[in-house]
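Here's the letter readout for the chains.
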Amino acid sequence: MSFESQKIRSFTEQVFLAIGCSEADAKQAADVLISADLSGVDSHGVARLAGYVRLYDHGRLNPTPEVKIVHETPSTATIDGDKGLGLVVAPKAMEICMEKAEKVGSGWVSVQNSNHFGIAGYHSSLALQKDMIGWAMTNAAPLVVPTFSKEKLLGTNPISVAIPAKEQPPFLADFASTAVAYGKMEILQRQGKPAPLGWVQDADGNPTTNNNAVKEGGGLLPLGGDRESGSHKGYGLGAIVDIFSGVLSGANFGPWVPPFATAGFHGLAAEQVGKGTGHFLGAMRIDGFRPADEFKENMDIWINRFRSAPAVDGEKVQIPGDQERNFKAERLKSGLPLNDKVVESLEELSKRFGIGF
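Notes on the structure follow. (Residues numbered from 1 in each chain as written. Predicted model: local features only at pLDDT ≥ 70, side-chain atom pairs only at ≥ 80, totals over all residues. Heavy atoms only, no water.)

Some details on the sheet that holds strand E6 (residues 159–163)
Put simply, the test is: Two strands are said to pair when DSSP picks up at least two bridges between them. The way it works is that DSSP assigns letters per residue, a run of H or I at least four long becomes a helix, a run of E at least two long becomes a strand, and they are numbered from the N terminus. With axes taken as lines fitted to C-alpha atoms, and helix axes fitted only over the stretch in contact, angles between N-to-C directions fall between 0 and 180 degrees.
In space, the seven strands of this open sheet follow the order E2-E3-E4-E11-E5-E6-E7, with mixed pairing throughout. Unpaired on one side and paired on the other, strand E2 (68–72) and strand E7 (171–175) mark the two borders of the sheet. Pairwise comparison of adjacent strand axes, ignoring direction, gives a mean angle of 15° for this sheet. Both strand E3 (residues 76–80) and strand E4 (residues 106–114) contribute to a ladder of five bridges, which runs parallel. Looking at E4, one finds that aspartate 80 is bridged to glutamine 112.

Below, the structure is given as structure tokens:
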């Protein structure tokens, strides 16, 4: 079932308004979610809307946060998100990054006391507006087992980097440090399909195709899947994100990161070592390294050369960001394809808040 994106955007804004967000914050939060759906990242779009409402219901989300700087140098800062929507807190953090970068060449902000911030690529891409390189990462609830572990200690912990070019569209990498984001498991659950081997293990540490394995004591696997295929590298990436986002900011980290209120994961760990969920964002002025036009001309050369590489039959070599741009062009014309269960969740929100859907 497909829906016109503007209709879903308006509905999403109204839901955020209904839980007490300001008009500006409701628009900002909705923009992050709709951007995910338009980009083909269905796991992080309006399928997540009911989860944010559950955070509010559980007293874990402040719809009117006072986001403030709690530590600062000319090029760095730590901000307290005041339990706000990560969808709103992270863009505010990136604004601070860009302001600092304009003054001293680069700006880096760690965030504590926030919540799930949607797709990392949205936040890193904000730096492109200033012709800067953007970075964004966040820790997340412990659904991931380190290599050889049976215990879930890390989140899917994504990393995104956005880099401008001159004539070509920007390079935009956005990927989880796991074999797959948990949202993809939720999609399989809604579709009633098994998980591919290498995505998840059961409670005893054995590979499994059970799409409910994480709920039943198992865990997502780091990028690589197993040790022989390089899972220690995915584990290392996830650990770096956790330390930058949580340990550095004063947020929770490792097994203490609060769960996103979806898929039956609601409660907080009995012990907390920090405040909320953590993020880490950065912005870099290109001319801090070389003339920006020269760099962007070279980026065009880089992009064109990679795209021109001989491809295996039936495929085409792309650069990070191409797939999302293709999805966006198509979905702006044909609408957002929403799973029936996602539609049901939106209809429930419609009834609860008296908002037409």
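Quick word on the packing of aromatic side chains
As a reminder of what qualifies: Note on aromatic contacts: the rings of Phe and Tyr and the six-membered ring of Trp form a pair at centre separations within 6.5 Å, being stacked when their planes are under 30 degrees apart, edge-to-face when over 60 apart, and tilted otherwise. Look at NZ for Lys and CZ for Arg. If either is within 6 Å of the ring centre and within 35 degrees of the ring normal, a charge sits over the ring.
By the definition in use, this model includes 10 aromatic pairs. Pairwise contacts between aromatic rings join Trp108, Trp135, Phe244 and Phe280 into one cluster. For the cation-ring pair, lysine 7 lies above phenylalanine 357, with the distance from its terminal atom to the ring centre recorded as 5.5 Å.

Remarks on the pattern of salt bridges
As a reminder of what qualifies: Any Lys or Arg side-chain nitrogen found within 4 Å of a carboxyl oxygen on Asp or Glu counts as a salt bridge. Throughout, exposure labels follow a simple rule: accessible area from a 1.4 Å probe, protein chains only, divided by the maximum for the residue type, with under 20% read as buried, over 50% as exposed, and the rest as partly exposed.
Counted by the stated rule, this structure contains 15 salt bridges. Among the ionic pairs, lysine 130 bridges to glutamate 102, the shortest N-O distance being 3.5 Å. In this pair, lysine 130 is assigned in the loop between helix H5 (120–125) and strand E5 (132–138) and glutamate 102 in helix H4 (residues 86–104), connecting sequence segments 28 residues apart. Given the relative accessible area of 42%, glutamate 102 is considered partly exposed. In this structure, glutamate 297 and lysine 166 form a salt bridge, with 3.1 Å as the shortest nitrogen-oxygen distance. Separated by 131 residues along the polypeptide, glutamate 297 in helix H8 (residues 292–307) and lysine 166 in the loop between E6 and E7 bring together distant segments of the chain. Among the residues examined, glutamate 297 registers a relative accessible area of 38% and is labelled partly exposed. According to the relative accessible area criterion, lysine 166 is partly exposed, its value standing at 38%. Within this structure, Arg307, Asp322 and Arg325 form a network of salt bridges that share partners.

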